[in-house]
Amino acid sequence: MPESDAESLYAAHPESELLIIGDMNHVLKKVSGEGENEAANSNPVLPLTDGLVDGILQFLE
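Residues numbered from 1 in each chain as written. Predicted model: local features only at pLDDT ≥ 70, side-chain atom pairs only at ≥ 80, totals over all residues. Heavy atoms only, no water.

Draft legend 1. The arrangement of the overall build of the protein chain in detail. Looking only at helices and strands, the protein chain features 3 helices and 0 strands. The order of α-helices and β-strands along the protein chain, N terminus first, is α-α-α. Since a compact globule built from 61 residues should have a radius of gyration of about 10 Å, the 13 Å found for the protein chain marks it as more spread out than a globular shape. Residues classed as buried in the protein chain amount to 16% of the 61 residues present. Taking the contacts inside the protein chain whose residues are at least 6 apart along the sequence as the reference set, 26% of them involve residues at least 24 apart. When the accessible area of the protein chain is evaluated, it comes to approximately 4900 Å², of which 55% is carbon and sulfur surface. (Helix = DSSP H or I, 4+ residues; strand = E, 2+ residues; numbered from the N terminus. Rg over C-alpha atoms; globule rule 2.2 N^0.38 Å. Buried < 20%, exposed > 50% of the residue type's maximum accessible area, 1.4 Å probe, protein only. Contact = heavy atoms within 4.5 Å. Areas by Shrake-Rupley, 256 points an atom, 1.4 Å probe, with all protein chains shown as cover.)

Quick look at the structure:
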């Protein structure tokens with residue numbers, strides 16, 4: 001999803017929270033290009049993108 005889509009959704013719901021994590025794909029892995037994106041989809045040992053877990057924990061608190 002483009003960052004602008006996330007910002008529009010955030011603006012449409014005033015009680016929501018927004019966390020932008022650059023270069024994160026839909027399986028929550030850090031990628032910098034399409035080749036890395038495809039490789040990340042099939043590599044279960046790659047760690048989650050930095051900042052994701054902290055963002056989730058902050059939201060839950």
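Draft legend 2. Representation of a nonpolar patch on the surface in the model. Nonpolar side chains collect at one region of the surface, where Leu28, Leu48, Val53, Ile56, Leu57, Phe59 and Leu60 lie side by side and expose about 650 Å² of accessible area between them. Mapping Leu48 onto the fold places it in the loop between helix 2 (34-41) and helix 3 (52-60). What makes Leu48 partly exposed here is its relative accessible area of 41%. (Patch = residues over 30% accessible without salt bridge, like charges linked within 9 Å, V, L, I, M, F, W, Y side chains within 5 Å. Salt bridge = Lys/Arg side-chain N within 4 Å of Asp/Glu carboxyl O.)

Draft legend 3. Quick peek at the environment of Ile21. In this fold, Ile21 is placed in the loop between helix 1 (3-12) and helix 2. We classify Ile21 as buried; its relative accessible area is 17%. Ile21 sits 31 residues away from Leu52 along the chain, and the two C-alpha atoms are 7.3 Å apart. In contact with Ile21, not counting residues within four places along its chain, are Thr49, Asp50, Gly51 and Leu52.

Draft legend 4. Focus on the environment of Gly51. If you trace the backbone, Gly51 turns up in the loop between helix 2 and helix 3. Ignoring sequence-local partners within four residues, the contact set of Gly51 consists of Leu19 and Ile21.

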